[in-house]
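The primary structure of each chain is shown beneath.
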Amino acid sequence: MNIRYLGKMLIVIGTLSTIAGLMFTAQSKSLVGPQSSFMYSNPEWTINGFMILGVGLAVLFSGIVIWIYTK
């Protein structure tokens, strides 16, 4: 596997994880989503959303660094 391809994969995975973390956090804060969802207004999902967001940003940053330094 090409290391540059790995960087692109990490960028895609990191971006999707970051978006998911933002959505989970917003739903747990009652900003988006249906009221019937188990995440709606649930403080436990605020913590989960922030953790997913942090991991997503770390993966995204790693992918960007790999992609830039393999040019």
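Scope of this entry: the structure provided in the associated data block. (Residues numbered from 1 in each chain as written. Predicted model: local features only at pLDDT ≥ 70, side-chain atom pairs only at ≥ 80, totals over all residues. Heavy atoms only, no water.)

Okay, the overall build of the protein chain next. When you go through the protein chain residue by residue, the secondary structure sums to 2 helices and 0 strands. Counting only C-alpha atoms and orienting by the principal axes, one finds that the protein chain spans roughly 45 × 15 × 15 Å. The 71 residues of the protein chain split such that 25% are buried. Put simply, 59% of the contacts in the protein chain that link residues at least 6 apart link residues at least 24 apart. Working note: accessible area of the protein chain is about 4,800 Å², and carbon and sulfur atoms make up 73% of it. (Helix = DSSP H or I, 4+ residues; strand = E, 2+ residues; numbered from the N terminus. Buried < 20%, exposed > 50% of the residue type's maximum accessible area, 1.4 Å probe, protein only. Contact = heavy atoms within 4.5 Å. Areas by Shrake-Rupley, 256 points an atom, 1.4 Å probe, with all protein chains shown as cover.)

Attention now goes to the environment of Ser30. Inspection of the secondary structure puts Ser30 in the loop between helix H1 (3–28) and helix H2 (43–69). Overall, Ser30 belongs to the partly exposed group, its relative accessible area being 30%. Each C-alpha atom of the pair Ser30 and Pro43 lies 10 Å from the other, and the pair is 13 residues apart in sequence. When sequence neighbours within four positions are dropped, the list of residues in contact with Ser30 reads Tyr40 and Ser41.

A separate point is the side chain of Thr25. Assignment of secondary structure puts Thr25 in helix H1. With residues up to four places along the chain from it excluded, the contact list for Thr25 reads Thr46, Gly49 and Phe50.

Before going further, it helps to spend a moment on unusual backbone geometry. We note that Ser30 has phi near 65°; this positive angle belongs to a residue other than glycine. For Ser41, which is not glycine, the phi torsion reads 55° and is therefore positive. Classification of Ser41 as partly exposed rests on a relative accessible area of 46%.

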